[in-house]
Amino acid sequence: MESSTLRAHLYDFPKYYDLLFGSDCQAELAFLKGCFRRYAQRPVRRVFEPACGTGRLLIRLAQAGYEVAGNDLNPKAVEFCNDRLERHGFQRTVTVGDMANFRVRRRFDAAFNMINSFRHLGTEAQAQAHLRCLADALHPGGLYILGLHLTPGEGPCTEEESWSARRGHLVVNSHMWTKHRDLRRRNEKLGLVFHIHTPTRSFRIEDEMDYRTYTAEQFQRLLRTEPRLEAAATYDFHYRLNRPTVVGPRTEDVVFVLRRVRSRKR
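Overview of the structure. Given the structure is predicted, the values throughout are model-derived calculations rather than measurements. (Residues numbered from 1 in each chain as written. Predicted model: local features only at pLDDT ≥ 70, side-chain atom pairs only at ≥ 80, totals over all residues. Heavy atoms only, no water.)

Some details on the side chain of S202
In step 1: Here S202 is to be found in strand β10 (residues 202-212).
In step 2: Among the polar contacts made by the side chain of S202, one reaches the side chain of H197 at a distance of 3.0 Å. (Helix = DSSP H or I, 4+ residues; strand = E, 2+ residues; numbered from the N terminus. Polar contact = N/O pair within 3.5 Å; in protein donor to acceptor, adjacent residues only side chain to side chain.)

Set out below in structure tokens:
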């Protein structure tokens, strides 16, 4: 029996967030490393994640020998991420920061944002600023791997999704659904319910999230505003490196492998 309901953001509960969104880590990690080898035009040693949350992939990349850093607006997630990095012998390299307004001291060879966090940017100006920051942060020939859900121009949209995750005696069951979608205002409002079960307590967290919507054409138009980034390949969320996809009017889940173009001689 659930003892209570909290109306809060899952981002404020990094332990549960990390468990729930960590189920694809091995597939994502293999995909990222494969993209680094296949599409980067320079060796990838330094990697950055904007809106990194708990750093579920950063810690694994650090353990694989990469130098990692990131930022996130949520101080609790940043602390969780840095504590884990430090616990495994790495530096605390994640900072509290806005993914649409940041600068790095040293450029990176690659960056990634895998699970739709980019769509938290609610305006075109913020999205353009984000791409500009990423282009500034990358070496020429470096990669930005960006995963997001598009609004298909043909066929049905996915309206709800449920999944579960377990670690030891901790279980998190989730349900996410579209409450309202306004394509004219480019806004999708999601409802979220998370059922948390521990050995001593069961409760639920209710949350709500606003995402900016993108059709394939709208995203391509946005990408053209940052000419330093070019699309090297596109994939779906199965992360099969040998099976790139073509984005069409029915595409929903897509991973854009963007590359920082080299300077062209005049």
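Observations regarding the sheet that holds strand β11 (residues 229-235)
In step 1: If you trace the seven strands from one edge of the open sheet to the other, you get β4-β3-β2-β5-β6-β12-β11, paired in mixed fashion. Bordering the open sheet on either side are β4 (94-96) and β11, each of which pairs with just one other strand. Direction aside, the axes of adjacent strands within the sheet are offset by 20° on average.
In step 2: Where strand β2 (residues 46-50) and strand β3 (residues 67-72) come together, five bridges link them in parallel fashion. Bridge pairing in β3 places F48 opposite A69.
In step 3: The sheet strands contacting helix α2 (residues 25-39) are β2, β5 (108-113), β6 (138-149), β11 and β12 (253-260), and the helix crosses β6 at an angle near 140°.
In step 4: Contacts from helix α6 (residues 216-223) reach β6, β11 and β12, with the element oriented near 15° to β12. (Pairing = 2+ DSSP bridges. Axes fitted to C-alpha atoms, helices over the stretch in contact; angles between N-to-C directions. Contact = heavy atoms within 4.5 Å.)

Section: the pairing of β3
In step 1: Counting buried residues along β3, five of its six residues qualify, which places the element largely inside the surrounding structure.
In step 2: At this point the chain moves from β2, through helix α3 (residues 58-63), to the parallel β3, and the crossover so formed is right-handed.
In step 3: Pairing between β3 and β4: three bridges, direction parallel. If you follow D72 over to β4, its bridge partner there is V96.
In step 4: Traced from β3 through helix α4 (residues 75-87) to β4, the parallel crossover comes out right-handed. (Buried < 20%, exposed > 50% of the residue type's maximum accessible area, 1.4 Å probe, protein only. Right-handed = clockwise from strand over helix to strand, strands pointing away.)

Focus: helix α5 (residues 124-137)
In step 1: Taking 1.5 Å as the rise per residue, α5 with 14 residues should run 20 Å; its terminal C-alpha atoms sit 20 Å apart, in good agreement.
In step 2: Buried within α5 are the following residues: A127, A129, H130, L131, C133, L134, A135 and A137. (Expected span 1.5 Å × (residues − 1).)

Examining the pattern of salt bridges
In step 1: Under the counting rule described, the total for this entry stands at 25 salt bridges.
In step 2: A salt bridge links R212 to E124; its shortest N-O distance comes to 2.9 Å. Taken as a pair, R212 in strand β10 and E124 in helix α5 lie far apart in primary sequence, 88 residues in all.
In step 3: When its relative accessible area of 8% is taken as the criterion, R212 is described as buried.
In step 4: When its relative accessible area of 23% is taken as the criterion, E124 is described as partly exposed. (Salt bridge = Lys/Arg side-chain N within 4 Å of Asp/Glu carboxyl O.)

Some words on unusual backbone geometry
In step 1: Notably, R186 is not glycine yet its phi reads approximately 60°, a positive angle.
In step 2: For R186, the position within the fold is in the loop between β8 (170-182) and β9 (187-197).
In step 3: The phi torsion at Y239 lies on the positive side, around 60°, for a residue other than glycine.
In step 4: Structurally, the position occupied by Y239 is in the loop between β11 and β12.
In step 5: On the accessibility criterion, Y239 (9% relative accessible area) is buried.

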